[in-house]
Amino acid sequence: MTVDFIFEFLSGLLDGFISSNSLLIISMLVPCLAIFGFITVYALVVIYAELKVSSFIQDKVGPMGQGVGLHAGKWGLLQPIADALKLLLKEDIIPSSADKPLFILAPFMIFIGAFISFIAIPFGESIIVTDLNIGIFYILGVGSIAVLSLILAGWASNNKWSLYGGMRSAAQIVSYEIPAGLSLIVVIMLAGTLNMQDIIKYQAGGIFNWIIFDNPFVPIAFVVYFISAIAETNRTPFDLPESESELVAGFATEYSGMRYAFFFLSEYANMFVVSAVAAAGFLGGWHSPIQGFMDSPAWGVFWMINKTGFLIFVMIWLRWTLPRLRVDQLMNVCWKVFLPLALINIFGVAIWTVVFNS
Amino acid sequence: MYRDFGTVFFAVIMGIVMVSIPLIISWLIAPSNKTKDKLDTYECGEEAEGSAWLQFNIRFYIIALIFLIFDVEVVFLFPWAVVFKEMGLIALIEMGIFLLILCAGLAYVWVKSDLEWVRRRIKYGGGRYKPLSASSED
């Protein structure tokens with residue numbers, strides 16, 4: 001989509017100067033750069049939002065400018081930038097007993113896993129880097145790279161806390177992938193396609209055409225998907241892999257400076273990815289809730305970002321409201337509640353569709 | 001098609017570059033004053049006892065096995081879900097049989113208490129380790 005658009009634009013502009021192959025490569029790289037810029041800006045915004053939302057939930061003010069000095073800008077707006085600079089200036093330590101190549105590889109892998117999910121996310125009717133025909137499947141598949149990198153980080157650190165964190169995260173993410181996948185099956189059954197744009201186009205025409213209101217079973221699928229997604233991104237109440245009161249920092253214990261920052265960044269990037277999938281799959285993507293009202297392509301970006309942003313806000317809200325689960329509770333919820341529920345949902349939606357739509 | 005997945009390929013390369021650049025900047029401007037204590041493994045301030053690369057709880061492997069079965073099931077469901085609306089009742093019956101067999105598997109695993117994180121009856125050979133739930137249940 002966007003790649004073709006940029007390719008045609010550039011070949012009109014630079015006709016004859018460069019070969020079409022290198023032009024194609026450039027037009028593939030430009031959207032990747034834009035996505036990286038988007039992730040950076042989004043991370044700064046959401047870190048600030050997390051600080052402020054948590055502060056308001058806990059009845060305090062959070063980062064603020066402090067009188068004459070204005071330590072963190074007005075209302076603490078510069079706090080996330082200060083955090084980023086601090087991480088950049090930290091000494092980079094690789095423990096002498098760690099497995100060095102794997103230790104270095106882990107932050108690369110987790111960031112790439114989050115980064116390449118972004119290129120299949122539809123931000124608007126024509127704003128998607130690659131409109132893959134297996135979009136939703138691709139995002140689910142690429143999302144699993146996080147497991148590999150977390151267990152790699154846990155193992156390579158040669159630290160007991162890290163190993164516990166890595167193993168827990170592997171068990172947790174792997175388990176919750178199944179209810180999440182089964183819930184998305186419901187969306188694919190109703191839309192009849194794996195293409196993200198076609199799934200959204202299926203939901204055209206107002207709030208009651210969104211997949212979540214399609215039949216009484218889909219809201220359950222949405223809730224199961226959303227909770228599983230929170231578990232997959234290792235957020236509280238499912239942050240057992242890095243539960244700071246028992247495991248110091250879990251898989252990230254031995255990481256410092258920029259290497260740690262990439263784990264941090266990827267967590268927030270993954271939050272965006274799972275929320276965007278929920279918004280696109282269940283909440284109508286870039287469609288306006290009222291047909292014909294603010295429904296142009298430009299407003300599409302507004303709706304998509306807002307729906308995703310709302311779901312991210314719910315994640316932050318849950319984080320500061322609920323206490324952490326225990327490991328056995330976590331596994332029980334996944335295997336004994338969500339998995340049967342998701343299976344029943346599939347049967348329910350299938351029977352409903354066969355009975356009422358034919 | 002190759003243009004789509006070519007973009008994925010370039011995104012991977014860009015991802016590597018995007019991680020490398022901040023790491024190089026950090027390597028250039030961050031202080032580097034390594035001492036032996038700093039490079040030690042963190043263990044709450046004590047000196048680290050032995051390696052962390054040791055045997056681990058068997059529960060994780062069982063979870064991995066169960067995951068494998070159900071993940072393959074999810075993968076099988078994707079193509080089915082795409083054509084479900086066109087095929088209608090036939091697809092429902094066929095996939096219903098497939099899912100019921102897997103539900104039987106889930107029920108089996110459940111009854112065998114392989115889904116419990118803390119198993120009710122574990123034979124520890126009567127040593128000093130007692131089952132965790134022995135005091136609360138049975």
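Above this note sits the structure.
First, a word on scope: everything that follows refers to the structure included in this document. Just so it is clear, the model here is predicted, and its values are computed rather than measured.

With that out of the way, let us pick up empty space enclosed by the protein. Residues and elements named next belong to chain A. Evaluated as defined, the whole model comprises 2 cavities of 30 Å³ or more. Put simply, the largest cavity is a space of about 200 Å³. What lines the largest cavity is a set of 15 residues, among which Ile139, Gly143, Glu232, Val273 and Val274 lie closest to the centre. Among the elements of the structure, helix 5 (135-143), helix 7 (160-191), helix 9 (218-232) and helix 11 (257-282) are those that each provide at least two residues to the lining of the largest cavity. Size it by volume and the second largest cavity reaches roughly 30 Å³.

Quick look at the nonpolar core now. Of all hydrophobic cores here, the largest spans 152 residues; its most connected members are Phe115, Phe282 and Trp335 of chain A together with Trp80 of chain B. Top contributing element to this core by residue count: helix 7 of chain A, with 18 residues. Every residue in contact with Phe115 of chain A, bar those within four places of it in the chain, is listed here: Cys32, Ile35, Phe36 and Ile39 of chain A together with Ala11, Met14 and Gly15 of chain B.

Taken as a whole, the largest pocket holds about 1200 Å³ of empty space. Looking at the largest pocket, it is lined by 49 residues, and the ones nearest its centre are Ile47, Ala261, Phe264, Leu265 and Tyr268 of chain A. Residue assignment for the lining of the largest pocket shows that the elements contributing at least two residues are helix 2 (20-57), helix 3 (79-89), helix 6 (145-156) and helix 11 of chain A together with helix 1 (2-29) of chain B. Among the elements that line the lining of the largest pocket, the one with the most residues is helix 11 of chain A, at 11 residues. Tallied by class, residues from the lining of the largest pocket come to 31 nonpolar, 7 polar and 11 charged.

Two elements in contact, helix 13 (residues 327-356) of chain A and helix 3 (residues 89-111) of chain B, have axes whose closest approach is 11 Å; the angle formed by their N-to-C orientations is 165°. One element, helix 13 of chain A, and the other, helix 3 of chain B, form an angle in the roughly antiparallel class. Taken as a pair, helix 13 of chain A and helix 3 of chain B cross one another with a handedness that is left-handed. Residue-level inspection shows Trp335, Lys336, Leu339, Pro340, Leu343, Ile346, Phe347, Ala350, Ile351 and Val354 of chain A of helix 13 of chain A in contact with helix 3 of chain B, the latter providing Leu89, Leu92, Gly96, Leu99, Leu100, Cys103, Leu106 and Trp110 of chain B. Partitioned by chemical class, the residues of the contact of helix 13 of chain A with helix 3 of chain B number 16 nonpolar, 1 polar and 1 charged.

Cut-offs applied
Residues numbered from 1 in each chain as written. Chains lettered and ligands numbered in written order. Predicted model: local features only at pLDDT ≥ 70, side-chain atom pairs only at ≥ 80, totals over all residues. Heavy atoms only, no water. 1 Å grid on protein atoms, 1.4 Å probe; cavity = no way out; pocket = protein on both sides within 12 Å on 5 of 7 lines; lining within 4 Å. Points joined across faces, edges and corners; volume = space filled by probe spheres on them. Helix = DSSP H or I, 4+ residues; strand = E, 2+ residues; numbered from the N terminus. Core = buried A, V, L, I, M, F, W, Y, C linked by side-chain atoms within 4.5 Å. Buried < 20%, exposed > 50% of the residue type's maximum accessible area, 1.4 Å probe, protein only. Contact = heavy atoms within 4.5 Å. Nonpolar A, V, L, I, M, F, W, Y, C, P; charged D, E, K, R; others polar. Axes fitted to C-alpha atoms, helices over the stretch in contact; angles between N-to-C directions. Parallel < 35°, antiparallel > 145°, perpendicular 65-115°, else oblique. Left-handed = near helix turned anticlockwise from the far one by under 90°.

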